[in-house]
Number of protein chains: 2
Amino acid sequence: MNIYDVSQKAGVSIATVSRVINGSSNVSEKTRQKVLTVMKESGYTPNVFARGLGLNTMQTIGIMCSDSSDPFLANAVYYLEHSLRSNGYDSFLCCTGQELQDKKKYLKLLLSKRVDAIIMVGSQYLETSKKDNHYILDAAKTIPVMLINGYLAAPNVFCTLCDDYQAVYDATGRLCFDNRKQILYLYNSRSYSGQQKLAGYKAAIANAGLPADDRLILHCPKQIQEATAQISAAVAAGLTFDAVICAEDSLAVAAMKHCRQTGKQIPEEVSIIGYNNSELSICCEPELTTIDNHVETLCTTTVSNLMQVLGGTAVPGRTTLSNDLVIRGTTRNVQK
Amino acid sequence: MNIYDVSQKAGVSIATVSRVINGSSNVSEKTRQKVLTVMKESGYTPNVFARGLGLNTMQTIGIMCSDSSDPFLANAVYYLEHSLRSNGYDSFLCCTGQELQDKKKYLKLLLSKRVDAIIMVGSQYLETSKKDNHYILDAAKTIPVMLINGYLAAPNVFCTLCDDYQAVYDATGRLCFDNRKQILYLYNSRSYSGQQKLAGYKAAIANAGLPADDRLILHCPKQIQEATAQISAAVAAGLTFDAVICAEDSLAVAAMKHCRQTGKQIPEEVSIIGYNNSELSICCEPELTTIDNHVETLCTTTVSNLMQVLGGTAVPGRTTLSNDLVIRGTTRNVQK
DNA sequence: ATAGAAAATGAAAGCGCTTACAGAAAACAG
DNA sequence: CTGTTTTCTGTAAGCGCTTTCATTTTCTAT
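Residues numbered from 1 in each chain as written. Chains lettered and ligands numbered in written order. Predicted model: local features only at pLDDT ≥ 70, side-chain atom pairs only at ≥ 80, totals over all residues. Heavy atoms only, no water.

Enquirer: In this structure, what is going on with the overall build of chain A? I would like to understand it.
Expert: Secondary structure summary: chain A contains 12 helices and 12 strands in total. Since a compact globule built from 336 residues should have a radius of gyration of about 20 Å, the 25 Å found for chain A marks it as more spread out than a globular shape. For the C-alpha atoms alone, the extent of chain A along its principal axes is close to 85 × 40 × 30 Å. For chain A, the proportion of its 336 residues judged to be buried stands at 54%. For chain A, the proportion of contacts with a sequence separation of at least 24, taken over those separated by at least 6, is 71%. Carbon and sulfur atoms make up 49% of the accessible area of chain A, which amounts to about 14400 Å² in all. Charge separation in chain A, taken as the distance between the mean sites of 32 positive and 31 negative side-chain charges, equals 7 Å. (Helix = DSSP H or I, 4+ residues; strand = E, 2+ residues; numbered from the N terminus. Rg over C-alpha atoms; globule rule 2.2 N^0.38 Å. Buried < 20%, exposed > 50% of the residue type's maximum accessible area, 1.4 Å probe, protein only. Contact = heavy atoms within 4.5 Å. Areas by Shrake-Rupley, 256 points an atom, 1.4 Å probe, with all protein chains shown as cover. Lys, Arg positive; Asp, Glu negative; His and termini not counted. Charge placed at Lys NZ, Arg CZ, Asp CG, Glu CD.)

Enquirer: Just to check I follow, could you spell out the protein's contact with DNA strand C for this structure?
Expert: Looking at DNA strand C, there are 26 residues lining it, with Ile3, Ser18 and Tyr44 of chain A together with Arg19 and Thr31 of chain B nearest. When atoms of DNA strand C within 4 Å of the protein are split into backbone and base, the sugar-phosphate part holds 66%. Contacts to DNA strand C include Ser13 of chain B, whose backbone N or O atom sits 2.8 Å from a phosphate oxygen. Of the residues belonging to the surface near DNA strand C, the class tally is 12 nonpolar, 11 polar and 3 charged. (Near = heavy atom within 4 Å. Polar contact = N/O pair within 3.5 Å; in protein donor to acceptor, adjacent residues only side chain to side chain. Nonpolar A, V, L, I, M, F, W, Y, C, P; charged D, E, K, R; others polar.)

Enquirer: Explanation requested: the confidence of the model for chain A in the structure shown.
Expert: When pLDDT is low, close inspection of the predicted coordinates is not appropriate. Confidence along chain A averages 92 in pLDDT terms, with 99% of residues attaining 70 or more. Averaged pLDDT values for the elements of chain A fall to 83 in strand S2 (residues 90-95) of chain A and rise to 98 in strand S8 (residues 243-246) of chain A. (pLDDT = per-residue confidence, 0-100.)

Enquirer: Looking at this structure, I do not really get the sheet that holds strand S3 (residues 117-121) of chain A. What am I missing?
Expert: Strands in a sheet are paired, the pairing made by backbone hydrogen bonds, and the direction either parallel or antiparallel. All names here are of chain A. Pairing is parallel in the open sheet, where 6 strands are placed in the order S2-S1-S3-S4-S5-S11. The open sheet is flanked by S2 and strand S11 (318-321), the only strands paired with a single partner. Neighbour to neighbour, the strand axes of the sheet diverge by 15° on average, direction disregarded. With 6 bridges connecting them, strand S1 (residues 60-65) and S2 associate as parallel partners. Residue pairing across strands places Thr60 opposite Asp90, the latter belonging to S2. Contacting S1, S2 and S3, helix H6 (residues 100-112) runs over the sheet at an angle of about 175° to S1. (Pairing = 2+ DSSP bridges. Axes fitted to C-alpha atoms, helices over the stretch in contact; angles between N-to-C directions.)

Enquirer: Just checking my understanding: could you explain the interface of chain A and chain B for this structure?
Expert: Often, the extent of an interface is quoted as the loss of accessible area upon association of its parts. Between chain A and chain B, the contact holds 44 residues from the first and 44 residues from the second. Both faces considered, chain A and chain B share a buried interface measuring about 4300 Å² in area, 60% of it formed by carbon and sulfur atoms. One can count 4 salt bridges joining chain A with chain B. Residue Glu287 of chain B is joined to Lys257 of chain A by a salt bridge in which the shortest nitrogen-to-oxygen separation is 2.9 Å. When contributions to the side of chain A that touches chain B are tallied by element, the ones reaching two or more residues are helix H4 (48-55), helix H5 (71-85), S2, H6, helix H10 (224-236) and helix H11 (249-262) of chain A. Classifying every residue of the side of chain A that touches chain B by side-chain character gives 20 nonpolar, 13 polar and 11 charged. (Buried area = accessible area lost by both parts, 1.4 Å probe. Salt bridge = Lys/Arg side-chain N within 4 Å of Asp/Glu carboxyl O.)

Enquirer: Would you mind showing me how to read the protein's contact with DNA strand D here?
Expert: Around DNA strand D, 24 residues are found, and the nearest of them are Arg19 and Thr31 of chain A together with Ile3, Ser18 and Tyr44 of chain B. Sugar and phosphate atoms constitute 63% of the interface atoms of DNA strand D, taking the interface as everything within 4 Å of the protein. Side-chain polar atom of Arg19 of chain B to a base oxygen of DNA strand D: 3.5 Å apart, as the coordinates give it. Elements supplying a minimum of two residues to the surface near DNA strand D: helix H2 (14-21) of chain A together with helix H2 (14-21) and helix H4 (48-55) of chain B. Residues that form the surface near DNA strand D fall into these classes: 12 nonpolar, 9 polar and 3 charged.

Enquirer: Looking at this structure, how should I read the packing of helix H1 (residues 3-10) of chain B against helix H3 (residues 29-42) of chain B?
Expert: Working note: a packed helix pair is described by the angle between its axes plus the distance between those axes. Residues and elements named next belong to chain B. Contact geometry of H1 with H3 gives a least axis separation of 9 Å together with a crossing angle of 125°. Viewed along their axes, H1 and H3 adopt a mutual orientation that is oblique. Between H1 and H3 lies a crossing of right-handed hand. Listed contacts from H3 to Val6, Lys9 and Ala10 of H1 are Lys34, Val35, Val38, Met39 and Ser42. (Parallel < 35°, antiparallel > 145°, perpendicular 65-115°, else oblique. Left-handed = near helix turned anticlockwise from the far one by under 90°.)

Enquirer: I keep staring at the packing of aromatic side chains and nothing clicks. Help me out?
Expert: By the definition in use, this model includes 11 aromatic pairs over all chains. Between the aromatic rings of Tyr185 of chain B and Tyr201 of chain B, the centroid separation amounts to 4.9 Å while the plane-to-plane angle is 25°, which identifies the pairing as stacked. Of this pair, Tyr185 of chain B sits in strand S6 (residues 183-187) while Tyr201 of chain B sits in helix H9 (residues 192-207), and the two are 16 residues apart along the sequence. Owing to a relative accessible area of 1%, Tyr185 of chain B belongs among the buried residues under this scheme. By relative accessible area, which is 4% here, Tyr201 of chain B ends up buried. Chaining the aromatic ring pairs together yields one cluster made of Tyr185, Tyr187 and Tyr201 of chain A. Cation over ring: Arg318 of chain A sits above Tyr151 of chain A, and NZ or CZ is 3.7 Å from the ring centre. For Lys105 of chain B, the ring lying beneath its charged end belongs to Tyr106 of chain B, and the centroid distance is 5.2 Å. (Phe/Tyr/Trp six-rings, centres within 6.5 Å; stacked < 30°, edge-to-face > 60°. Lys NZ or Arg CZ within 6 Å of the ring centre and 35° of its normal.)

Enquirer: Is there a simple way to explain H2 of chain A in this structure?
Expert: Among all positions in H2 of chain A, only Thr16, Val17 and Val20 of chain A are buried. Axial view of H2 of chain A: buried residues confined to an arc of 100°, hence all on one face. (Arc of directions from axis to C-beta.)

Enquirer: How should I be thinking about the packing of H4 of chain A against H4 of chain B in this particular structure?
Expert: Where H4 of chain A meets H4 of chain B, the axes come as close as 8 Å, and the angle between the chain directions of the two elements is 145°. Considering only the axes of H4 of chain A and H4 of chain B, their crossing is left-handed. Across from Val48, Phe49, Ala50, Gly52 and Leu53 of chain A in H4 of chain A, the residues of H4 of chain B making contact are Val48, Phe49, Ala50, Gly52 and Leu53 of chain B. Looking at the contact of H4 of chain A with H4 of chain B residue by residue, the class counts come to 8 nonpolar, 2 polar and no charged.

Enquirer: So what exactly am I meant to see when it comes to the sheet that holds strand S10 (residues 289-292) of chain B here?
Expert: Residue and element names in this part refer to chain B. Ordered by their spatial adjacency, 6 strands build an open sheet running S7-S6-S8-S9-S10-S12, and the pairing between neighbours is mixed. Strand pairing shows two members of the sheet lacking a second neighbour, strand S7 (217-219) and strand S12 (324-326), which therefore form its edges. Strand-to-strand twist in this sheet, taken as the mean axis angle between neighbours without regard to direction, amounts to 20°. In terms of strand pairing, S6 meets S7 through 3 bridges, oriented parallel. Bridge assignment links Tyr185 to a residue of S7, and that residue is Ile217. Contacts from helix H11 (residues 249-262) reach S6, strand S8 (243-246), strand S9 (271-275) and S10 within the one sheet, and its direction differs from that of S9 by about 155°.

Put into structure tokens, the structure is as follows:
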């Protein structure tokens, strides 16, 4: 069943059928109805390939995500897909992993599939070396690139970020206000947003008049068990702390495990703050105080920006959204 | 840059270039190299639309998944994508949600995109009413449909399942062996695999000579907090138990929360077993004994079956894999 | 060398759709 | 009822690729 068959059944030319399919206004109402009826009755679906060949667009957006088993990213992908769909676009998901080479490969793949734009979710897509970001700029020469939680100033690249600096600054400030003196900072990624978070931490420490102590800044693996071991090793080597702020909820869970294993009471002796307000944060006991970065808003904003870009409307290169601190059971004020 | 340009630069006809692209054997080595060089130098990529038009295939598999934020499904999607990719196929992911209408819509969408096959991951795709599964059979008339964790006997439908019945039977048996007498069963989904699990539970209970008590079978929401509330409500209404076996890890976490809130010691007073061996299971304290259903194997097996189907090799309609019980800290033998 | 078989190549006809252009029908004014 | 617009419809030329079929080149065995 192709457009020709439809045109025959409806007694018109294929051009007219095509016009009906594409909603062209140059079709009389009577003809339109006739064609629509035939299409419905015969269950006709236009061939996407032929359509793509003619229009050179597939109404499809490529989504790149480093790891869909990361809860934050999985959620983001979910919201992105839905938001795109409700705007009439389909999506093409790639789970790229962390390797630069793979990212390049998948990006090329998406370009070869002729997607209309690319959304990269996760700051993992920004390499520390500027030269390594070149593959993104290359893609942006062809189609718009949307970056979630990363920032790259370049033409045709549009970024949506949450204000990680401010969020960590505020959260750390709260720990200081609660009279914590040795605030441990756990992080996993050195990405753009990772740097922002760290900067927020440092600024808050300085602002509270606490000494800057690099031993309190600990890089951890993402996996809970490994991270727990890392913390325990640091403690065995002399590290002490009375609060922890983490760049990810999973690290906060690791910190909680460590505390439980070593008998430190939460929140009496140690306050802990996570990041992402993920499912993990309400699995623990006590439940985790954490920073909510509003994944859904992040995603819908990105898609709405993208729609504007595709529609030819100008959009700022960077859109920043704010976060909230969700207070639960792992933080408490201590009397000095 | 199209195939014509390449053919000109290489001094051959477009037919020859096409043969090189498609790895046809009827090209002399010298010509092949010449063409390959030109393609590389000019960065040429074949246009997928034109290619699809000619070949009527896109080398793309549609993946349907009800909710990519579910850790089990997210993992599955990840493994599926990778496995497909390494077999030269791209994938097209749809997060359909639970609504039958949406599932139908997305399935239609995938068909209209001319995917070469469809993988449905999660038993959510099998409705209790047989008529509601008709949309799957319709799709199977056109392209192969692979079902993960669901079973539907139909031509061109191929199912990969883990042996949920046996897994729950064994796990429940172990609780019996540990002298537990009131084994609570928590489940969320009434899907095919959900039914299998429940049947395994009932059979084990019967086999151990314990009385069948429907009050011990509790349907819970998936969300941890809601599930916890549900359990607490049942307990307030008179429910007692000394062991819990769950159809999902999240329900086990909920059970643990309930126990902690009501002061029941795990595993001294209550044993708990989860399902999926997800990240959740090592977040809790003590860590959760759980059933590992080997997502990765499930996915690679499915893809490998699919490749055979696409290659024209016969494949059984059902492939069943076995599970393992991973013993951690939430189970213990009690002396009677 | 040469007939015959095998391998390599090219010309051209689609694949199903969009769209520029031209022509027909309808609408309108006088 | 004619001449002029305006609206609608059809014809045909692509879009970039695959593939059949015919043709040319190369190889093999005599």
